[in-house]
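Examination of the molecular architecture
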Amino acid sequence: MNTDTIVAAATPPGRGGIGIVRLSGPQVSRIGVAMVGELPAARFASPRTFLEADGGALDHGLALYFVAPHSFTGEDVLELHGHGSPVVLESLVARAVQLGARRALPGEFTQRAYLNDKLDLAQAEAVADLIDAGSRAAARAALRSLQGEFSARVHALLQGLIELRVHVEAAIDFPEEEIDFLADAQLLARLAQVRALHAALTTSAVQGRLLREGMTVVIAGRPNAGKSTLLNALAGHAAAIVSEHAGTTRDLLRERIDLDGMPLHVIDTAGLRAPGEDIGPVEMEGMRRAREQLQQADRLLFVIDGAMDPQAHAYDEERARLPPGLPVTLLLNKRDLMPQVPAAQSEPPRLSISAATGAGLDDLRAHLRATMGYAGEETGQLSARGRHVAALQACRAHVDSAAASLAAKQGELVAEELRLAQRALGEITGEFDSDELLGRIFSSFCIGK
Ligand code: GDP
């Protein structure tokens, strides 16, 4: 159990109608009495004067008291709802510190909720995901995970693994019958069931991670191909300067676009000049940055002026200099100027668009969703993170090994692989947590959460 009492502003920095300071820990009632006089009845918002050390008023507002374990953190909690002034809020925090509280670390309120079994790890992460959600779909998915839907499905899978383990461990304990036990149809049926649950959960988790993390595409191509026009068309507003002078975009421009709920991070780069062209140092630096971005992108949108270069020679020239393995989509732009619209092609996929008129952009959006395997805004999505998908993959690898050992009738190995599969899965909800993992997760929160 934690022995210290923590305090932080729970509302974001800045000015607002209301600002909230939250305290949690065993000293809350003592510090609370010193700050507001008599504590209000639990869960009843009551008007109070928030007091200075000398008894003067710091602010007037509402005090809300929660008694352990019936609070977000599972500890005694006091919320002071004052005016949303950074000066007032800081004075309240400082006064609580004077009375013995400590300033909270990032994510520490949620961490205490986790440590006191109010939330599991996946739910704690969903708190941060809900706060950070960039679209309604992402917010809905985070809320579903927060309410425990994701955790419940992880638990169902864990339960399936445990039952399998029990069956296999029993077989090992009766060596004379082990072979028969392992060949049992019921065991194979259970294994198949676990695999089906795993597959469905992985699909949801991959969708959930896409909702949270989205897709990063880099727009590149020769100067004047229409890259900035494309960025503006996708963003729906003028993010980039469009000009007929080549080399206008010299630095990187980033836009976050909502693609049916999936965040699409688009990075517009300085044009990649043809080899041997003479350019200045600023543009040279822009091109270096463009190439750097390419290393981290999910996909490159290579824009070509289709009116000038319908055969896409620019791409052929550039190809050898692109990072190997980076997926590419060729966009033949300025379709409105082309005498005939070229047919779409695969390898690499080739779409014709007009960034200026918007023609073909719906196809481009659908293409981007499809390349990431994003199913669109459907009901029932859950928020998930890369960490969860990795844990599911690790679990899958152990289940596969267990199946192979089962086929080879090696009971001990089956049992060991199932144990490892259970362990990998347990990392999602925090059943098998390590301090290092917890530190990594909660330090990414903001203070006051
Ligand atoms: P960038 O250098 O690749 O970023 O190219 P810009 O987006 O600045 O566009 C270069 C020029 O091409 C500008 O004059 C644009 O208005 C024009 N342009 C871009 N896309 C289209 C298009 O689809 N059709 C036509 N007709 N002009 C376009």
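About the thresholds
- Residues numbered from 1 in each chain as written.
- Predicted model: local features only at pLDDT ≥ 70, side-chain atom pairs only at ≥ 80, totals over all residues.
- Heavy atoms only, no water.
- Salt bridge = Lys/Arg side-chain N within 4 Å of Asp/Glu carboxyl O.
- Helix = DSSP H or I, 4+ residues; strand = E, 2+ residues; numbered from the N terminus.
- Buried < 20%, exposed > 50% of the residue type's maximum accessible area, 1.4 Å probe, protein only.
- Phe/Tyr/Trp six-rings, centres within 6.5 Å; stacked < 30°, edge-to-face > 60°.
- Near = heavy atom within 4 Å.
- Polar contact = N/O pair within 3.5 Å; in protein donor to acceptor, adjacent residues only side chain to side chain.
- Areas by Shrake-Rupley, 256 points an atom, 1.4 Å probe, with all protein chains shown as cover.
- Nonpolar A, V, L, I, M, F, W, Y, C, P; charged D, E, K, R; others polar.
- Core = buried A, V, L, I, M, F, W, Y, C linked by side-chain atoms within 4.5 Å.
- Pairing = 2+ DSSP bridges.
- Contact = heavy atoms within 4.5 Å.
- Axes fitted to C-alpha atoms, helices over the stretch in contact; angles between N-to-C directions.

1. Notes on the pattern of salt bridges
Enumeration over the complete set of coordinates arrives at 23 salt bridges. The salt bridge involving D129 is made with R385; its shortest N-O contact spans 2.8 Å. Pair noted here: D129 is in helix 4 (residues 121–132) and R385 is in the loop between helix 12 (361–372) and helix 13 (386–407), with a separation of 256 residues, a long-range link. Here D129 and R385 have matching classes, each one buried. Of the charged contacts in the structure, one is a salt bridge between R190 and E163, with a shortest N-O distance of 3.8 Å. Placement of R190 in helix 8 (residues 185–213) and of E163 in helix 6 (residues 149–173) is noted, with a sequence separation of 27 residues between them. Given a relative accessible area of 25%, R190 falls into the partly exposed group. What makes E163 partly exposed here is its relative accessible area of 36%.

2. What to know about the packing of aromatic side chains
Evaluation of the coordinates by the stated rule reveals one aromatic pair. When the ring of F302 is compared with that of Y315, the centres are 5.4 Å apart and the planes differ by 70°; the resulting orientation is edge-to-face. Pair noted here: F302 is in strand 10 (residues 299–305) and Y315 is in helix 11 (residues 313–318), with a separation of 13 residues, a long-range link.

3. What to know about the site of the ligand
The environment of the ligand is made up of 18 residues, and the closest members are N224, K227, S228, T229 and D336. A225 has a polar backbone atom sitting 3.2 Å from an oxygen atom of the ligand. Calculation on the ligand without its partners gives an accessible area of 580 Å², and the protein chains cover 84% of this total. Looking at which element gives the most residues to the shell around the ligand, the answer is helix 9 (residues 227–235), with three residues. When grouped by side-chain class, the residues that make up the shell around the ligand number six nonpolar, seven polar and five charged.

4. What about the nonpolar core?
Judged by nonpolar contacts, the single largest core of 31 residues is most densely connected at F150, L161, L425 and I428. Elements with a minimum of two residues in this core: helix 6, helix 8, helix 13 and helix 14 (411–429). Counting 26 residues, the second largest nonpolar core, distinct from the first, contains L231, I257, L301 and L361.

5. Points about the sheet that holds strand 4 (residues 57–66)
With mixed pairing, the six strands of this open sheet are ordered in space as 3-4-5-2-1-6. Each end of this open sheet is capped by a strand with a single partner; those strands are strand 3 (46–51) and strand 6 (102–103). Bridging between strand 1 (residues 6–9) and strand 6 involves two bridges; their strand directions are parallel. The residue bridging I6 from the neighbouring strand is R102, located in strand 6. Strands strand 1, strand 2 (16–24) and strand 6 of the sheet are contacted by helix 3 (residues 108–115), whose axis makes an angle of about 135° with strand 1.

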